[in-house]
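# Breakdown of the fold
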Amino acid sequence: MNEQLSALMDSELTEAEAVRVLGALKNNAPLNQTWDTYHLLGDALRKTPQMSADFGAKVMQRLASEPTVLAPRRKAKPASPRFALPLAASFAAVSLVGVLTWQMTQMNQPDQSTVRLAAAPTVQRVALTETAATQPKVPERVLFSSAASRSYLLAHQEFSPSYSMEGFPAYVRTLSEQQESKP
Amino acid sequence: MKQAWLACLLGFVTASAYGAEVPDGAFAWLQRMATAAHQLNYTGSFVYQHGQQVETSRITHLTDASGEHEKLVTLDGSPRQIFRNNDEVYCFLADDKTVMVDKHHVTTGFPALLPQQIADLKEYYDVRLDGRERVAGRECQVIYLAPKDQFRYGHRLWADIQTGLLLKTSTWSDQKDIVDQFTFTDIKIGAPIDRNDVRPALNGKKLIRSTGEGNAQPLPIDPGWEIGPTPPGFKKIMAVKRVLPGASVPVNHIVFSDGLAAASVFIEPASNKTTPGLSHQGAMHMYTRKVADYQVKVLGEVPSATVMQIGDAVSFRK
């Protein structure tokens, strides 16, 4: 089911499959949590500034506490009961897509079609090529060895306002060392 | 008359409703943060992230009658530590045998933001409050500094509501990527700290001091060097000729700052170690080039465009 969820996030399911997964989501709390986690992972990979962890819960709480409007009902047309629910669902789906699209445009991703929510390696590669493409003038950047540059870093740190604002943690930039990363 | 009162009242209500968005509120927080970082006693652990790297460090800060004393120890990888005792900084190298000692010229640090700094910040950053979030179990005020051009990074700062101490900071590139970030995971503020905890153990260590230090007046830089035009907002805040620890020849050191970020220019005779090019680590960029027989090195927590423009603007006139 988790694979199906991920496929749903990437809009890779057929309509029938999507309906089935959405139905499962409705009644399955652990699955709902997985859904949240996938989105959180997607956010983390894209480095989207995060909302508080229980943002969704807060929205639901606010919704629940909103006053219920008691208004006289319009006369129900005979056909409406059959279509009301699917119609409401499709409106919900459209607004969800609207929200998602809006969130994506907020992220300043130049090519939205390449943003894949659940495919981590793809996102990483996209991010790298973007940086390369948008900075054509800059010569190749290598990682510097802070050990070799330490005396310069120390001398710089003394006059950098980052020390006045951040305090001593700013000196961690002087101490930091590249560690070999292994998978 | 009645209308006038009503208008006044309305104005007041509107002002207080939007009070959180008034930039001066954000600047008051920056002031508070700068003061807290240097005057409070605290000890805690924080995580420093840059690129794919994550490093954990422990920090202790003590201010007493004799001044400011602080210690920063890395907890991952090779053991490295750095101490500051007022104007002296002791950097213990990874071999654990050698200590680099740097005598700072500014004895008091910058306990508060100077009015000029605030004026500069307003010109080159949009500064605003951005809600509250929790860091290390404490409620924080978020302050956001959005750069107005590509020559500086954006900064998001989380200041402890109770004390004003900075508990988290993230630095953003114009591609909206985090370039580096540090976050306290636990912190004790105001607990008593033993002076011995922040005293460097120098026994049996080889000290690398800079020769010629101890001069009351730092020397002026060599005549003939010109730097300009620099990127907008980067003003010269300091120029001095000094000998760096472990070096034998003096270096001209000139610092440019926009009030928040700074770039240092180091000019010295070129050696066989001079390798021109651009390198970086997190928010720190370094750009090296040769001008005549000299090595020009520009270093700072600024984007690559900034170190390159400053470096390329260095010229020598006889």
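Let me begin by describing the structure that accompanies this report.

The gaps of empty space that remain are located by a probe, the size of a water molecule, rolled over the atoms. Counted according to the given criterion, the structure contains two cavities of 30 Å³ or more. Taken as a whole, the largest cavity holds about 80 Å³ of empty space. As for the largest cavity, its lining consists of S162(A), M165(A), E166(A), R173(A), H155(B), L157(B), L260(B), A261(B) and E301(B). Elements represented by at least two residues in the lining of the largest cavity include exactly α8 (161–166) of chain A together with β9 (154–160) of chain B. In terms of residues, the lining of the largest cavity owes the most to one element, α8(A), which gives three residues. Tallied by class, the residues present in the lining of the largest cavity amount to four nonpolar, two polar and three charged.

What follows concerns the interface of chain A and chain B. On the side of chain B, 80 residues touch chain A, which itself brings 43 residues to the contact. Summing the contributions of chain A and of chain B, the shared interface buries around 5,600 Å²; its carbon and sulfur component is 64%. When the buried surface of chain A facing chain B is broken down by residue, F159(A), M165(A) and F168(A) rank first, second and third, together holding 15% of it. On the surface where chain A and chain B come into contact, there are two salt bridges. One salt bridge in this structure joins E158(A) and R242(B), with 3.3 Å as the shortest N-O distance. Along the contact surface separating chain A from chain B lie 15 residue pairs in polar contact (both at pLDDT 80 or more). At the level of elements, β1 (141–143), α7 (150–159), α8 and α9 (172–175) of chain A are the ones that each hand at least two residues to the side of chain A that touches chain B. The element that contributes the greatest number of residues to the side of chain A that touches chain B is α7(A), accounting for ten residues. By residue class, the composition of the side of chain A that touches chain B is 19 nonpolar, 16 polar and eight charged. Bridge analysis of β1(A) against strand β17 (residues 277–281) of chain B gives three bridges, and the strand direction is parallel.

All right, on to the sheet that holds β1(A) then. Spatial strand order, β1(A)-β17(B)-β18(B)-β19(B)-β16(B)-β15(B)-β14(B): seven strands in an open sheet with mixed pairing. Both edges of this open sheet fall to β1 of chain A together with β14 (235–242) of chain B, since each of them pairs with a single strand only. Direction aside, the axes of adjacent strands within the sheet are offset by 20° on average. Sheet topology note: the strand β18 (residues 284–291) of chain B/strand β19 (residues 294–300) of chain B ladder contains seven bridges and is antiparallel. The partner of Y287(B) across the bridge, within β19(B), is V298(B). Against the sheet, helix α4 (residues 304–312) of chain B touches β15 (251–257), β16 (262–269), β17, β18 and β19 of chain B, its axis set at about 20° to β18(B).

This next bit is on the nonpolar core. Residues and elements named next belong to chain B. Counting 64 residues, the largest nonpolar core has L30, L72, I82, I143, L145 and V265 as its most contacted members. Take this core: its biggest share by element is seven residues, from helix α2 (residues 23–39). Counting contributing residues per domain, this core is built from domain 1 (2–198) and domain 2 (211–316), each supplying no fewer than three. For I143, the contacting residues outside a window of four places in its chain are A26, W29, L30, M33, V127, R128, L129, H155, R156, L157 and A159.

Thresholds, definitions, all that
- Residues numbered from 1 in each chain as written.
- Chains lettered and ligands numbered in written order.
- Predicted model: local features only at pLDDT ≥ 70, side-chain atom pairs only at ≥ 80, totals over all residues.
- Heavy atoms only, no water.
- 1 Å grid on protein atoms, 1.4 Å probe; cavity = no way out; pocket = protein on both sides within 12 Å on 5 of 7 lines; lining within 4 Å.
- Points joined across faces, edges and corners; volume = space filled by probe spheres on them.
- Helix = DSSP H or I, 4+ residues; strand = E, 2+ residues; numbered from the N terminus.
- Nonpolar A, V, L, I, M, F, W, Y, C, P; charged D, E, K, R; others polar.
- Contact = heavy atoms within 4.5 Å.
- Buried area = accessible area lost by both parts, 1.4 Å probe.
- Salt bridge = Lys/Arg side-chain N within 4 Å of Asp/Glu carboxyl O.
- Polar contact = N/O pair within 3.5 Å; in protein donor to acceptor, adjacent residues only side chain to side chain.
- Pairing = 2+ DSSP bridges.
- Axes fitted to C-alpha atoms, helices over the stretch in contact; angles between N-to-C directions.
- Core = buried A, V, L, I, M, F, W, Y, C linked by side-chain atoms within 4.5 Å.
- Buried < 20%, exposed > 50% of the residue type's maximum accessible area, 1.4 Å probe, protein only.
- Domains from an automatic or database assignment.

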